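Listed below are the residues making up each chain.
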Amino acid sequence: QRVVLQGLEKARELNGHRGVVVRWKADVSRYAVRVAGKEMAVRPENLSAEGGAAEALKWQRRFGNTQGSMYNPVVYSRVPGAGPKVTQWIGQVKAGTRMVVRAERTVDSEPVPLWFGDHGFVRAAPVDVALLIGDIGGDASAWPKALARTLERFPAAAGRLRNVRKGKDIVWQIVCNNAGIPFTTATVPPCGMPSAEELQSVCMDDRGGGLFDLGDAAVGESSLDAEEPLLRMKLVYEEGTARGVLGVSFHHVLCDIVGLSNFLQWLHHELEGIGQPAPGLGEPCHDRAMAQEVFEAVSETPSSDSDLQRFSEHWPLSSRALERWCFMARRLRSGLRGRPDGAATVIFGVPAETLKTLKADVEAEGCPGVSSFEVLVSYIGLRLLRLGRHGRRTLLTKEYRSALDTEKPGAGLGHLFANAVTHGLSFDLPEVDGKELMPLAEACGSVRSAVDAVTMGYVRWQSSQDHFKGLPNFFGGLCCNTWGRALADLSFVETYGIGMRSVDERASNMAFPLDSAYMQIFPLASGSHRVLLTMPVSDITALLKDLPQESFELPHVSEVRTHAFRVPLPGSLLDKLSPSVETHHNVVRLACIGDSMTACGYPKYLQALFDRSELKVQVRNFGVAGATAQKFSDQPYWDERRYEEARQWRPHFVVSTLGTNDAKESNWDCEAFTKDYIDLCFDFLERLSPRPVIFLVAPPPVYEDGSLDIQQSVVAEELQRAVARVAEDAAGKINDPLEEQAKRARQQVPAEMLAHTRVIDAFSAFGGTALRRRGYVAEDGVHPNERGTRLLATLVLAETRREVALCLRRQADAASVVPDNPLGL
């Protein structure tokens, strides 16, 4: 919590200064406050919380009795006068306990076969879902016990996906061997739990903010090992309270979101210890073979010509697919030459009042009873068409569990625990060219007629068709999906968010090379909705500018997530096409550490530039928004998990953008900054194999003095001199003792033992003291915008490219050297 000092008698010179509350000291009934890098004890009456008297009183009531360390997760957008909307979570997930939970009573069950639609998900990334729970109970140890009882009803969840031989064929199936579910418990300090508004922003972190057990996928592609779990769970709860976040990672071949909701309802039922299940909570059905028999019993031939015509309208003919093959070829060629602008993902909110207004407009035009999903799909789709996006075709999914249950009542197929119990349908949005008003009611009518037309007969008919006929659905169109009320209706869940692994995968497979826009709609219990949209960067930028800010909760530019373009060819084929097959395992590791300038995207552009230069470099983003180089500040990088991960990765090169947040009025201490930044660099340089080359980015100028509490004059003068001094002294801390010893021995220090640091002058590139490049900086005057982020990536490439090429050449030379006696005989 940021505070202002007032009414001090012994240190009157500090009155009016800003500080940061560190903790409550119960022994002296004072707050420990850090002011200008130093900690002092201050009475509560001598502190005024920033934001006015009302905010101060609210803050005092909430945190006055907090014991131990205190981390304030207040979102900047809710603090008056804090500048642009910046959402961040500063809770710290502590290392927890990991166990494997198995069913208490082993249930004999046959292996579960995969449906025809499941095979497309076998190699897909898991889906991560974070559920914010207001009351996890008094004892967190009750969760594994309740999970063990729940697995007796869901034996497939504790099984494993395996590739087995069945006759002459090799098939995938889920073996129900009670191998168990990895279950992790971890904690955050008091006041460290994200709020409902912050949860999705936390999940957008590459590692999900520590809320998920990522398994093997944390270090590479999703594993298909026989022992890879299909379901992982992690419970992160707040110390001293009953609030918690349940992170669930599940494989798509296990179930869909409806199946997961049913699983969680039974888990909550076991936690509550209620004798009888709640109304509507039916026993899960795992008999996919029976469901397949019911499905195949439906005739695949339409009963009439009118049905065939109606079905064909929602499944385009192959002639339209052929028109797009040339587009596919162009994308492939452009991917092999170099990457285009890229795709981006953005998440924005739609308040309940906005939805109410849109529904009223649609009903006034003669289309009553529209749903929120129909309105949002129509509104966003028509907006994109008006902005010049090609492709009126829109793809939706519809669940047919109830249709299966209708075909065979009493079999429990309405609670089928499986995936692919949804099917795709498509329709055309109306034309918008030449129309003054958007035909919103007509578009909603098209959505409803398409959904109503897709019956069990359509699904059965389509399953026997040539799937290449449906290719136009994925070219230049809009693919929509909704999780319905499956999670929003869970009574014990306040809100939910999703991780980015599956979103990143869909971006690489759909936004590239198919140029499709992918949209997911998440209804919330409050009546508002959250929209996750992935499509090319240019389209995202145009849409965010076009949507009315007074009606939508639009994100800040720093919250837009960009994706690297992937060539849609198998890795094995790319290795064969590579002219240097013998060295394709050599790779240089480049770690990007720093604050929000790193965390919000430039490493991905840097990776694209290295790939275009045909240099085998792996760039990783270890940035943390709001981080500082000083150890005693509002958010030290030293305390972040990403810092230790970057060191353990053993990079060959380190690029750091720290410094801007140190220039805040409440943080700045030039001497402490220089000392702590040198120590941070030394922690990387002390490794000898490999000893990394460190590039320190001189922070760009601040165009709005006082924005985010950052001092413009400090960034322009003192900070620039300090960064240059850090680069020189950090290398000297390693080199000076070595050179002194070498001088005594009259020898030279081997080149590989010397430390090297460089400075990348981003300050001049972004306009310097004259502030000549305002167009490269976002509205807050601090963060680079999309254009500035690309410029920063280009600067880093220009400074590191030669060193990277030399490092790769040394690796290749070392790999080609054959020892005289390789067997040691």
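Bear in mind that the values here come from a model prediction, so they are computed numbers and not experimental data. (Residues numbered from 1 in each chain as written. Predicted model: local features only at pLDDT ≥ 70, side-chain atom pairs only at ≥ 80, totals over all residues. Heavy atoms only, no water.)

Help me understand the confidence of the model for the protein in this model?
Low-pLDDT portions of the prediction should not be read for the details of their coordinates. Here the protein shows a mean pLDDT of 78. Residues at 70 or above account for 80%. A low-confidence stretch, residues 468-474 (pLDDT under 50), is modelled with 24 contacts involving residues beyond four sequence positions or located in other chains. (pLDDT = per-residue confidence, 0-100. Contact = heavy atoms within 4.5 Å.)

I keep staring at helix 15 (residues 537-546) and nothing clicks. Help me out?
For an α-helix the count is 3.6 residues per turn, leaving residues at separations of three or four pointing the same way. Buried within helix 15 are the following residues: Val-537, Ile-540, Leu-543 and Leu-544. The buried residues of helix 15 all sit within an arc of 130 degrees when viewed along its axis, so they share a single face. (Buried < 20%, exposed > 50% of the residue type's maximum accessible area, 1.4 Å probe, protein only. Helix = DSSP H or I, 4+ residues; strand = E, 2+ residues; numbered from the N terminus. Arc of directions from axis to C-beta.)

Could you clarify how one ought to interpret the environment of Ala-722 in this entry?
Position of Ala-722 relative to the elements: it lies in helix 22 (residues 718-744). Along the backbone, Ala-722 and Cys-670 are 52 residues apart, and their C-alpha atoms lie at a distance of 7.3 Å. If sequence neighbours within four positions are ignored, Ala-722 has contacts with Cys-670, Phe-673 and Thr-674.

Would you mind showing me how to read the pairing of strand 2 (residues 18-25) here?
Along any regular strand, the residues point their side chains to alternate faces of the sheet. Looking at chain direction, strand 2 and strand 3 (residues 30-35) are connected through five bridges and run antiparallel. Bridge pairing in strand 3 links Trp-24 to Tyr-31. Once strand 2 ends, the chain turns through four residues before running back antiparallel as strand 3, passing Ser-29 with a positive phi of about 55 degrees. (Pairing = 2+ DSSP bridges.)

I tried to follow the sheet that holds strand 7 (residues 112-113) on my own but got confused; where do I start?
Strand pairing in a sheet is mediated by backbone hydrogen bonds. Such pairs are either parallel or antiparallel. Ordered by their spatial adjacency, three strands build an open sheet running 7-10-9, and the pairing between neighbours is antiparallel. Of all the strands in the sheet, just strand 7 and strand 9 (160-166) have a single pairing partner and so form its edges. Looking at chain direction, strand 7 and strand 10 (residues 169-175) are connected through two bridges and run antiparallel. Counted as the bridge partner of Val-112 is Ile-174 from strand 10.

Explanation requested: the side chain of Thr-394 in the structure shown.
Relative to the helices and strands, Thr-394 is located in strand 15 (residues 393-399). For Thr-394, a relative accessible area of 1% gives the class buried.

Quick question: what am I supposed to make of the nonpolar core here?
Looking at soluble globular proteins, one finds that nonpolar side chains tend to be buried together. Counting residues in each nonpolar core, the largest one holds 64 residues, and the members touching the most others are Phe-348, Leu-404, Met-519 and Leu-533. Examining the composition of this core, we find that nine residues originate from one element, helix 10 (residues 372-386), more than from any other. Those residues in contact with Leu-533 that lie beyond four places of it in its chain are Ala-344, Thr-345, Val-346, Ile-380, Leu-478, Tyr-518, Met-519, Ile-540 and Leu-543. (Core = buried A, V, L, I, M, F, W, Y, C linked by side-chain atoms within 4.5 Å.)

Honestly, the environment of Val-624 in this entry has me stumped. Any pointers?
Along the chain, Val-624 falls in the loop between strand 23 (617-623) and helix 19 (641-648). According to the relative accessible area criterion, Val-624 is buried, its value standing at 10%. A C-alpha to C-alpha distance of 7.5 Å links Val-624 and Tyr-637, two positions 13 residues apart in sequence. When sequence neighbours within four positions are dropped, the list of residues in contact with Val-624 reads Gly-594, Asp-595, Ser-596, Ala-599, Gln-635, Tyr-637, Glu-640 and Arg-642.

Explanation requested: the pattern of salt bridges in the structure shown.
In a structure, side chains of opposite charge can pair up when their charged atoms sit close to one another. Scanning the entire structure with this criterion turns up 26 salt bridges. Here Arg-98 and Asp-213 are joined by a salt bridge, their closest N and O atoms 3.1 Å apart. With Arg-98 in strand 6 (residues 97-101) and Asp-213 in the loop between helix 3 (199-203) and strand 12 (231-238), this residue pair connects regions lying 115 residues apart in the sequence. One salt-bridge network, held together by shared partners, links Arg-98, Asp-213, Glu-228 and Arg-232. (Salt bridge = Lys/Arg side-chain N within 4 Å of Asp/Glu carboxyl O.)

Hey, could you run me through the packing of helix 20 (residues 670-685) against helix 22 in this one?
Helix-helix packing: each pair is described by the crossing angle between the helix axes and the interaxial distance. For the pair helix 20 and helix 22, the least separation of the axes is 9 Å and the interaxial angle reads 40 degrees. Taken together, the axis directions place helix 20 and helix 22 in an arrangement best described as oblique. Between helix 20 and helix 22 lies a crossing whose hand is right-handed. Here Cys-670, Phe-673, Thr-674, Tyr-677, Ile-678, Asp-679, Cys-681, Phe-682 and Leu-685 of helix 20 come into contact with helix 22, specifically with Glu-718, Leu-719, Ala-722, Val-723, Arg-725, Val-726, Asp-729, Ala-730, Ala-731, Lys-733 and Ile-734. Of the residues that constitute the contact of helix 20 with helix 22, the class distribution is 14 nonpolar, one polar and five charged. (Axes fitted to C-alpha atoms, helices over the stretch in contact; angles between N-to-C directions. Parallel < 35°, antiparallel > 145°, perpendicular 65-115°, else oblique. Left-handed = near helix turned anticlockwise from the far one by under 90°. Nonpolar A, V, L, I, M, F, W, Y, C, P; charged D, E, K, R; others polar.)

Honestly, the sheet that holds strand 13 (residues 244-250) in this entry has me stumped. Any pointers?
Read from one edge of the open sheet, six strands run 6-11-12-13-8-18, paired in mixed fashion. Since the sheet does not close on itself, it has two edges, and those belong to strand 6 and strand 18 (493-498), each with one partner. Strand-to-strand twist in this sheet, taken as the mean axis angle between neighbours without regard to direction, amounts to 20 degrees. With five bridges joining them, strand 8 (residues 127-133) and strand 18 adopt antiparallel strand pairing. Its bridge partner being in strand 18, Leu-132 is matched across the sheet by Thr-495.

Sorry if this is basic, but what is going on with a negative patch on the surface here?
A contiguous patch of negative charge, built from Glu-728, Asp-729, Asp-736 and Glu-739, is present on the exposed surface. Within the secondary structure, Glu-739 sits in helix 22. (Patch = residues over 30% accessible without salt bridge, like charges linked within 9 Å, V, L, I, M, F, W, Y side chains within 5 Å. Areas by Shrake-Rupley, 256 points an atom, 1.4 Å probe, with all protein chains shown as cover. Lys, Arg positive; Asp, Glu negative; His and termini not counted. Charge placed at Lys NZ, Arg CZ, Asp CG, Glu CD.)

Looking at this structure, how should I read the packing of aromatic side chains?
What characterises a pair of aromatic rings is the spacing of the ring centres plus the angle enclosed by the ring planes. For the structure shown, the criterion picks out twelve aromatic pairs. Plain terms: the ring middles of Tyr-379 and Phe-552 are 5.7 Å apart, the flat faces sit at 20 degrees to each other, and that makes the pair stacked. Here Tyr-379, found in helix 10, pairs with Phe-552, found in the loop between helix 15 and strand 21 (561-563); they are 173 residues apart in sequence, far enough to count as distant. Overall, Tyr-379 belongs to the buried group, its relative accessible area being 6%. Using a relative accessible area of 4% as the deciding quantity, one classes Phe-552 as buried. (Phe/Tyr/Trp six-rings, centres within 6.5 Å; stacked < 30°, edge-to-face > 60°.)

Please clarify how unusual backbone geometry should be interpreted in this entry.
When glycine is set aside, most residues are seen to have a negative phi, and most peptide bonds are trans. Even without glycine at this site, Arg-650 takes up a positive phi of about 55 degrees. Even without being a glycine, Leu-708 presents a positive backbone phi close to 55 degrees. Note on placement: Leu-708 falls in the loop between strand 25 (693-697) and helix 21 (712-716).

Is there a simple way to explain the side chain of Thr-150 in this structure?
Structurally, the position occupied by Thr-150 is in helix 2 (residues 142-150). Setting aside residues up to four positions removed in sequence, Thr-150 forms contacts with Phe-263, Trp-266, Leu-267 and Glu-270.

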